[in-house]
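# Fold and contact review
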Amino acid sequence: MRKLFHPVTITLFVVMLIISLPFLLPDKKDKVYSDSALREAALSRDMLPIPKTYKALLEVVDNPQNPMSRKKIALGKKLFFDTLLSQDKTINCASCHNLEEGGDDNLATAIGYKGQANPFHLNSPTVLNAALAKVQFWDGRAIDVEEQAGGPIQAPFEMHMTPKEVVERLQSVPSYVDSFQNIFHDDISFENVRKAIGAYERTLLTRGDYDRFLEGDDSAMNISAKRGLALFISKGCKGCHTGMSVGGQSIQKFPLRHYMSDFIGMIFEPNLKIKQSPFPFENTGGFLGQDYRLKFRVPILRNITKTAPYFHNGSVDKLEEAIRIMSKYQIGDEFNKRQVADVVAFFKTLEGKLAKY
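As the structure is a computational prediction, the values presented were derived from the model and not from experiment.

Here the focus is the overall build of the chain. A tally of regular secondary structure across the chain gives 15 helices and 4 strands. Counting over 357 residues, the chain shows a buried share of 47%. Within the chain, contacts between residues separated by at least 24 positions form 70% of all contacts whose residues are at least 6 apart in sequence. Roughly 18,200 Å² of accessible area belongs to the chain as shown, and the carbon and sulfur atoms make up 57% of that amount.

This part covers helix H7 (residues 163–171). If you check which residues of H7 are buried, you get Val166, Val167, Arg169 and Leu170. Considered in projection along H7, the buried side chains sweep an arc of 160° and stay on one side of the axis.

This model, assessed by the stated rule, comprises 17 aromatic pairs. Between Phe80 and Phe81, the aromatic rings sit 5.1 Å apart at their centres with planes inclined by 70°, giving edge-to-face as the arrangement. Assessed through its relative accessible area of 0%, Phe80 is described here as buried. Three or more aromatic residues joined by ring pairs make a cluster, and in this case those are Phe120, Phe254, Phe279, Phe281, Phe287, Phe296 and Phe311. If you follow Arg70 out to its NZ or CZ, it ends over the ring of Tyr54, 3.7 Å from the centre.

Our next topic: the packing of helix H2 (residues 35–43) against helix H11 (residues 223–234). Where H2 contacts H11, the two axes come as close as 10 Å, and the packing angle between them is 45°. As judged from the angle between their axes, H2 and H11 are oblique. Every pair of crossing elements has a handedness; the one defined by H2 and H11 is left-handed. Counting all contacts with H2, which are made through Asp35, Leu38, Ala41 and Ala42, the residues of H11 involved are Lys226, Leu229, Ala230 and Ile233. Residues belonging to the contact of H2 with H11 are distributed by class as follows: 6 nonpolar, no polar and 2 charged.

This part takes up the pattern of salt bridges. Within this structure, the stated rule accounts for 16 salt bridges. Among the ionic pairs, Lys226 bridges to Asp35, the shortest N-O distance being 3.0 Å. In this pair, Lys226 is assigned in helix H11 and Asp35 in helix H2, connecting sequence segments 191 residues apart. We note a salt bridge from Asp218 to Arg39, for which the minimum N-O separation is 2.2 Å. You can see Asp218 sitting in the loop between helix H10 (209–214) and H11 and its partner Arg39 sitting in helix H2, a full 179 residues away along the chain. In this structure Asp218 comes out as partly exposed when scored by relative accessible area, which is 33%. Among the charged side chains, a salt-bridge network with shared partners connects Asp30, Arg227, Arg338 and Asp342.

Turning to unusual backbone geometry, a few remarks are in order. Keep in mind that most residues, glycine aside, have a negative phi and that most peptide bonds are trans. A cis amide bond links Phe254 to the next residue, Pro255, at an omega of -5°. By the element assignment, Pro255 lies in the loop between strand S2 (251–253) and helix H12 (260–267). Residues Ala308 and Pro309 are joined by a peptide bond in cis, for which omega reads 0°. Considering the arrangement of structural elements, one finds Pro309 in the loop between strand S3 (295–297) and helix H14 (319–329). Despite not being glycine, His160 has its phi angle at roughly 60°, a positive value. Of note, His160 is situated in the loop between helix H6 (145–154) and H7.

Glancing now at helix H9 (residues 190–201). With 12 residues, H9 should reach 16 Å at 1.5 Å per residue; the first-to-last C-alpha distance of 17 Å fits that figure. With 10 of 12 residues buried, H9 is to be regarded as a mostly interior element. Taken together, the buried positions of H9 are occupied by Phe190, Asn192, Val193, Lys195, Ala196, Ile197, Gly198, Ala199, Tyr200 and Glu201.

All right, on to the packing of H11 against helix H15 (residues 337–348) then. Orientation of H11 relative to H15, taken along the N-to-C sense of each, is 100°, at an axis distance of 7 Å. As the angle between them shows, H11 and H15 are arranged roughly perpendicular. Counted together, Ser224, Ala225, Arg227, Gly228, Leu229, Leu231 and Phe232 of H11 and Arg338, Gln339, Ala341, Asp342, Val343, Ala345, Phe346 and Phe347 of H15 form the full contact between these two elements. Considering only residue class, the contact of H11 with H15 consists of 9 nonpolar, 3 polar and 3 charged.

Moving on: the environment of Lys89. When you line up the elements, Lys89 lands in the loop between helix H4 (70–80) and helix H5 (93–96). A residue is classified by how much of its surface remains accessible, and Lys89, at 46% relative accessible area, is partly exposed. When residues no more than four places from it in sequence are discounted, the contact partners of Lys89 are Thr83, Leu84 and Arg169.

Rules behind the numbers
Residues numbered from 1 in each chain as written. Predicted model: local features only at pLDDT ≥ 70, side-chain atom pairs only at ≥ 80, totals over all residues. Heavy atoms only, no water. Helix = DSSP H or I, 4+ residues; strand = E, 2+ residues; numbered from the N terminus. Buried < 20%, exposed > 50% of the residue type's maximum accessible area, 1.4 Å probe, protein only. Contact = heavy atoms within 4.5 Å. Areas by Shrake-Rupley, 256 points an atom, 1.4 Å probe, with all protein chains shown as cover. Arc of directions from axis to C-beta. Phe/Tyr/Trp six-rings, centres within 6.5 Å; stacked < 30°, edge-to-face > 60°. Lys NZ or Arg CZ within 6 Å of the ring centre and 35° of its normal. Axes fitted to C-alpha atoms, helices over the stretch in contact; angles between N-to-C directions. Parallel < 35°, antiparallel > 145°, perpendicular 65-115°, else oblique. Left-handed = near helix turned anticlockwise from the far one by under 90°. Nonpolar A, V, L, I, M, F, W, Y, C, P; charged D, E, K, R; others polar. Salt bridge = Lys/Arg side-chain N within 4 Å of Asp/Glu carboxyl O. Expected span 1.5 Å × (residues − 1).

Okay, structure coming up:
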């Protein structure tokens, strides 16, 4: 009998009980909303629809430090697609931000000048709806799209240009000289290049079924998508993925939680890179977020179904797995397969086409 209650035996029993507890407890029933209550729950959390008109757009995204105008937007669009802004004249902003495919490049890591990969293996965040975010880049180091626009142009592994080279290039094109004089009443400068591109990016907002549901069309979302939205709200996902952009409003720690089962599993994990990772996936690139504190800008979820692979280093290919990871490690309530499927259905309603302003 003494051997049966040996401390090691008791410890193993307790550990197994902790690991098994989530499977022994009954599933909590998901909260159910009527269509009107679900809509009000979303709207009350500032998960608002994208503006329909240019006037409404300006009320939401115009920058007092860079007032938008039709001409400035047109200039920014021209610059966004111009390969003159890259050293070898083969890359433009759209190379990493395909506006037809979710606003990113669907690569695990961005590829730039002469085929160079991002040294931290970071993938390209979507440019769609980015103007609605409070900060830019994975670590939130840029305050707006104007500041962000200058980063990739100067990065040696992206477009590999200096501000001086950009200005000299554009000054050799008479139409650009005229446009900058007409719009900014000044000679071409790198600051105004950033402002023009930023003005254009502020128009890159997308509308879809989710917006139509928020505006009163109950048929815009199917039953599964509505269950997914209800889960998203009731389980706490909206705490970080909030606002009109459904994300991008704050910097948050990831992961928030760790589990005893993870540590035990690591004992038998054959992949040393996963063993040493602070994330529930391989830490490819070694990026640790803002100030190396595992803090990241919360991703924008609009068009998330089109922006695989997921997380900062593109380590997760499937959206379903990304949702499972977030439910477990951020909100502490791992979703089952039906719940994951419902959230995917909701995310599909966040797909949208560029609004015509």
